[in-house]
Amino acid sequence: MSGSSSSQIVDSSMAEYAPLIILLPLLAMPVILFLGKIFNTNPTWKNTLKEGGIIALAAMGGALFISLVIIKDYIGSFSNNGDIFSLTWLNTAIWEGGSSVTSIHFGFGIYIDHITVMLLFVAAFLCFLINIFAIGYMNTDPINEDRNHRFYAEFVLFCAGMLGMVLSDSFLWLFIFWEIMGLCSYLLIGFYYERPSASSAAKKAFMTTRIGDVFLMIGLVMLWDLFGSLDYSVVFDTANIAAVNPGSLQLALGMMFVGAVGKSAQFPLHVWLPDAMEGPTPVSALIHAATMVNAGLYLVARMFPFFGAESMSGELVDLAFIIASIGGITAVMAAGIAFVQDDLKKVLAYSTMSQLGYIFTGLGAALWLANSLDYHDPVAQTIVVVAFGAALFHLFNHAMAKGMLFMASGSVIHEIHHAHHHLHPDDHGDDDDFDAQSMENMGGLASKMPLTATAMLVGSASIMGLPLIGGFWSKEGIIANAWRVALEDPRFFFPAACVLVGAGMTGFYMSRMWLKTFAGKPSNEVAAHVGPTNNWIKTPLFILTFVTLSSILLAGMGFAHWAPDSEYSFLSEKGLVEGIMYELGHAFANHDTFFFILTYIAIALGAILGPFMAMSLFGGKLEDGEECKPWFRPVIRLNNWVYDKYHWDNSGIATSGLAIALQNRLYIDKYYDLAMVKIVAGFSNKAAEVDTKIIDGTIKQIEDKSQKISTTVRSLTTGSARDYILWVAIGTLLIFFFIWGVA
Amino acid sequence: MIDPAWVSGLSAILFIIGLLGVFTRKNAIIVLMCIELMLNAANMQFAAAAIHHGDATGWVYALFAIAIAASEVAIGLAIFLAVYGKHETITLDDINVLSN
């Protein structure tokens, strides 16, 4: 490994510091934990260091800084692909008949390519911003007092896991960091472990992802069996891939994909994600929306070289179809369940599942294209790269928007909670009937929390795919590429139709969420007393709003970087403005009539029909005399107009069987419980019977007999040393005669 | 020169005397002396073997055994002192705390 990597070491002094990106948060964890234990009640620790929040922020800031420098180096020179740092940890070999057959190296290294760069930026940037948010959210809530150090310690350990997973140079380390994240997810969901719902949600999340992890491990073992290594430098080598049986490889990758399904909460292993919202909101924002759930996507994206290899051409399309279908099913199913959720964070949780489904469909389409198109054709290569880029770009847009949405929702919940606390000071804790997360207790907040409302609006627009904002650029790309594949492989009509329908559904549930929270009149006195939030919470919202709004710039730049030698390389040939103009033309005036129509259908569904339905159902005027900020006054006016003109009562639909089924999460959780009771409990009973009758029975017999023998033997122990010596002498004589007799 | 067989026979007789003494005597110090007797019987056996084979190794072993026997006596007497401190007797029949 070190031999091959030495030629690829980036000629930059910063690359040597790449391991620090992982080490800084990793080392911050014990520091925060122990300092927190020692100085728990110290005022400096509490007020200046924010119970460890500042230490965590410093570590994350350092990691972000080094990440940005490395990303800048990478973007400056694309040839620097591959290992930039490697450390051999263990050298061993498989021995067979006295001679070493295969030598094995276990080592840790840093591997950088365009997937890493994308995920590294997302992870480091969001970890940093959400850390700022966490200081504003966690430290102002009395319920967290004196245990925030535990939160920050687990938080930075999670960040170390995420950054490590993105940067590591082998599937082995990917798996190790993957499990570290799983552990932190468990710990953080169960942060309020005194609540039974939180601790059972933590267990559910851990056990469900564990099912996926077992498959991932099986997949990795199979991959090891095929390649004799898990290092990217070995498994991605075209010559090595050519020597592998495509069927076995497809099976191994399929197993690994199940791991990704568990981690990214896709159907049918999605049940843990909505419950995971029991954790503190920064955790929901970071782990269960912006970063950890991307781990599964990252794993699938990492499989790209297998699909792109010439020797695998056309062999792995089934897996690509499965990936796209799972994504399509989840996109529609989760969007449907999000229709009827009243909990603000649960809407976002289902929205996360749905959007991750989009990305899986996009990846599936890109992998299909990579696997079937002609390897040597530059046009085909460009199509593949753009399709892959669209999926990764949606990952980026979704992470930014969803991180922001969760932080905005946290800001709302935080202030509702405070207002409730202010109005009912006798009510302590969360055990009372008031649910600060329910949208039934909100409404009319647009005038009271202008920045939060703006951030939520921009985030929702990005998720919905409103033209020109954030997710629009990537979502159109995913839908278009799914259909492009469907034109060649009819099976793909299913996921392609799913993502198209899902666009309209996304428009509906995101609008519904925004309207129920911010528009209309305050539903009770608590919502009427909500005030603006603090600066720690505002800052990341402000930054992310701009990032989401400016993603068109990234789109214009992105094509230049993903396909540097193709017709898309504007940055090198024409410049950023032309890149953006091309993007606009591509989206709104496509030369291909089919895609032209498709684009407009998607826009009509996501940006017009969905919000229109939501406005007519859930819209409402603000309280008289309440004014909102000028930049989203048009939205409120439009909403008022639609609501006045087209309002209709949906109580008939709300009580229909489908709505109730959706409210019950399509009964999937119930079926799981039933299966558990029937299969697992039945099996356990049988196992218990075997245990008591056969295993215990045998052991009891042995025990009885040995007790009898020992009672007999005990009479020989007289306690007199001379008797023992006599026995020794007799024994020695017996042995002597025995040996004599044998000889 | 005495025939090594005689030496060997004397050694066997001494060993059996020592062994019987260990089994039958009640006083711990007498038992210790009997053990010493058995060790010396073993030394004598070493000497007999050395004569028989014409090899000095047996003499060397005998010297080692004497050194070890000396330290064994020291430890044994120390144990008796400790036992006496605790039980106020070194009569072996009265010391049976290991009994069930």
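Residues numbered from 1 in each chain as written. Chains lettered and ligands numbered in written order. Predicted model: local features only at pLDDT ≥ 70, side-chain atom pairs only at ≥ 80, totals over all residues.

Draft legend 1. How the structure looks around the overall build of chain A. A count of helices and strands for chain A gives 32 helices and two strands. A burial count over chain A gives 51% of its 743 residues as buried. Taking all contacts inside chain A whose residues are at least 6 apart in sequence as the whole, residues at least 24 apart take part in 81%. (Helix = DSSP H or I, 4+ residues; strand = E, 2+ residues; numbered from the N terminus. Buried ≥ 20, exposed ≤ 12 C-beta atoms within 10 Å, placed from the backbone. Contact = placed C-beta atoms within 7 Å.)

Draft legend 2. Examining the overall build of chain B more closely. Secondary structure assignment for chain B yields three helices and zero strands. In sequence order, the secondary structure elements of chain B are arranged as α-α-α. A compact globule built from 100 residues should have a C-alpha radius of gyration of about 13 Å, whereas chain B, at 17 Å, is more than 25% larger. In terms of overall dimensions, chain B has C-alpha extents of about 50 × 25 × 25 Å along its principal axes. Relative to its full complement of 100 residues, chain B shows a buried share of 10%. A separation of at least 24 residues holds for 47% of the contacts in chain B among residues at least 6 apart in sequence. (Rg over C-alpha atoms; globule rule 2.2 N^0.38 Å.)

Draft legend 3. Geometry of helix H14 (residues 294-302) of chain A. Where burial is concerned, most of H14 of chain A is hidden: nine out of the nine residues are buried. Here H14 of chain A has its buried residues at Asn294, Ala295, Gly296, Leu297, Tyr298, Leu299, Val300, Ala301 and Arg302 of chain A.

Draft legend 4. Seen up close, the interface of chain A and chain B. The partner chain B presents 10 residues to the 10 residues of chain A that form the contact. A total of five residues in the side of chain A that touches chain B trace back to one element, the largest contributor, which is helix H32 (residues 721-742) of chain A. Among the residues forming the side of chain A that touches chain B, the class breakdown is four nonpolar, four polar and two charged. (Nonpolar A, V, L, I, M, F, W, Y, C, P; charged D, E, K, R; others polar.)

Draft legend 5. Layout of unusual backbone geometry. Put simply, phenylalanine 267 of chain A and proline 268 of chain A share a cis peptide bond, and its omega is 0°. Following the sequence through the fold, proline 268 of chain A ends up in the loop between helix H11 (246-263) and helix H12 (272-275). For alanine 265 of chain A, which is not a glycine, the phi torsion comes out positive at approximately 55°. Relative to the assigned elements, alanine 265 of chain A resides in the loop between H11 and H12. Of note, glutamate 88 of chain B is a non-glycine position whose phi angle comes to about 60°, a positive value. Classification of glutamate 88 of chain B as exposed rests on a count of 8 C-beta atoms within 10 Å.

Draft legend 6. Highlighting the environment of histidine 52 of chain B. Along the chain, histidine 52 of chain B turns up in helix H2 (residues 28-53). Residue class for histidine 52 of chain B comes out partly exposed when judged on the 14 C-beta atoms lying within 10 Å of it.

Draft legend 7. Inspection of the confidence of the model for chain A at higher detail. All names here are of chain A. Of all residues in chain A, 85% attain a pLDDT of 70 or more, and the chain-wide mean is 79. For chain A, per-element mean pLDDT is lowest for helix H1 (residues 2-6), which scores 36, and highest for helix H7 (residues 171-189), which scores 90. Low confidence marks residues 1-11, where pLDDT is under 50. Its contacts with residues over four positions away, or in another chain, come to 23 contacts. Below a pLDDT of 50 lies the segment residues 562-572, which in the model reaches 31 contacts outside its immediate sequence neighbourhood of four places, other chains included. (pLDDT = per-residue confidence, 0-100.)

Draft legend 8. Summary view of the confidence of the model for chain B. Averaged over all residues, the pLDDT of chain B is 89; the fraction at 70 or higher stands at 97%. Here the predicted complex scores 0.75 on pTM and 0.73 on ipTM.

Draft legend 9. Inspection of the packing of H14 of chain A against helix H17 (residues 344-372) of chain A at higher detail. All names here are of chain A. Viewed as axis vectors pointing N to C, H14 and H17 meet at an angle of 0°, and their least axial separation amounts to 11 Å. The angle between H14 and H17 falls in the class roughly parallel. Between H14, through Leu297, Val300 and Ala301, and H17, the contact on the second element is made entirely by Leu356, Ile359, Phe360 and Leu363. Grouping the amino acids of the contact of H14 with H17 by side-chain chemistry returns seven nonpolar, no polar and no charged. (Axes fitted to C-alpha atoms, helices over the stretch in contact; angles between N-to-C directions. Parallel < 35°, antiparallel > 145°, perpendicular 65-115°, else oblique.)

Draft legend 10. How the structure looks around the packing of H11 of chain A against H14 of chain A. All names here are of chain A. Between H11 and H14, whose axes approach to 7 Å, the crossing angle comes to 155°. Classed by the angle they form, the pair H11 and H14 counts as roughly antiparallel. Crossing hand, H11 versus H14: left-handed. Counted together, Met256, Phe257, Gly259, Ala260, Val261 and Lys263 of H11 and Ala295, Gly296, Leu299 and Val300 of H14 form the full contact between these two elements. Looking at side-chain class alone, the contact of H11 with H14 contains seven nonpolar, two polar and one charged residues. (Left-handed = near helix turned anticlockwise from the far one by under 90°.)

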